[in-house]
Amino acid sequence: MRIIFTEDYEAMSREAAKIVSGQLYLKPASVLGLATGSTPVGLYEMLIQVHETIGLDFSSVTTFNLDEYVGMSPENPQSYHYFMQEHLFSRVNLKPENCFVPDGMAEDLAAEGRRYDERIRQAGGIDLQVLGIGQNAHIGFNEPDIKFEAMTHKVRLDDETIRANSRFFARAEDVPRYAISLGIRNIMLALRVLLLANGAKKAEAVYKAVCGSVTPEAPASILQLHRDVTVIVDREAAAHLPAEWKREAVYTF
Ligand code: PGA
């Protein structure tokens, strides 16, 4: 695991953009795993800038999003389809037919999960998976006590996740209770993983992910067993990590 210590959200996003851009320069036909939420918005903004200023090319890139709320159509502004259109897909030269988000409207969600896994497999697997982290240490919508062997599947959102995500909705009751999410196994199958975390609210989750025991109670802790993980944290999110690690800008173990 490699931890990159940065000062703030902007610096975290810049470091992440360097890694994603580097991936695309090295392999223009990369398969990216993408995340929604507040965390990656700065990364997407910077990728758009790199696209506009020096022509970072997305024309051969394929993307797979981590998750979608059950029952939300792509036209719904609260959906993750919509989020991705707004924050990235419509602003770079990604081909619409190469951008995949799980279908939360599917009647048979188990079949949709299998179809999504098969699409990823046909695309050659995920080269670089971008992740945020929940305050409960979830990745994707893999909530505490998830089965580590799960592939894409329907999940019930944790009360803490519903509380955290209610900031995007008029009322907490409006937050969907179910989602379809890549499983931990999908994430572990990605060749490289990039986890971003900023703000004091994430400090405990980051500690559990990086320093805690590997346990389904803290789903992100499984990343300690992945062979190529980079975690980029800002100062606040790094608050509980050992002080001696922070003497270096990049700590590897
Ligand atoms: P956030 O969500 O980026 O909005 O903080 C992250 C997550 O829940 O995985």
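Everything that follows concerns the structure shown earlier in this document.
Residues numbered from 1 in each chain as written. Predicted model: local features only at pLDDT ≥ 70, side-chain atom pairs only at ≥ 80, totals over all residues. Heavy atoms only, no water.

A. Focus on the site of the ligand. With respect to spatial proximity, the complete set of residues near the ligand consists of G37, S38, T39, G132, I133, G134, H138, R167 and K202. With respect to the ligand, the side chain of T39 contributes an N or O atom lying 2.4 Å from an oxygen atom. Side-chain polar atom of H138 to an oxygen atom of the ligand: 2.7 Å apart, as the coordinates give it. Notes on the ligand: free accessible area 280 Å², of which the protein chains cover 84%. (Near = heavy atom within 4 Å. Polar contact = N/O pair within 3.5 Å; in protein donor to acceptor, adjacent residues only side chain to side chain. Areas by Shrake-Rupley, 256 points an atom, 1.4 Å probe, with all protein chains shown as cover.)

B. Inspection of the pairing of strand β3 (residues 62–65) at higher detail. The side-chain alternation of β3 yields two buried faces, one formed by T62 and F64 and the other by T63 and N65. Strand direction decides the pairing type here: strand β2 (residues 31–34) and β3, joined by 4 bridges, are parallel. Looking at the pairing, L32 lines up with T63 of β3. With helix α2 (residues 41–54) bridging β2 and its parallel neighbour β3, the resulting β-α-β unit is right-handed. Bridging between β3 and strand β5 (residues 99–100) involves 2 bridges; their strand directions are parallel. (Buried < 20%, exposed > 50% of the residue type's maximum accessible area, 1.4 Å probe, protein only. Helix = DSSP H or I, 4+ residues; strand = E, 2+ residues; numbered from the N terminus. Pairing = 2+ DSSP bridges. Right-handed = clockwise from strand over helix to strand, strands pointing away.)

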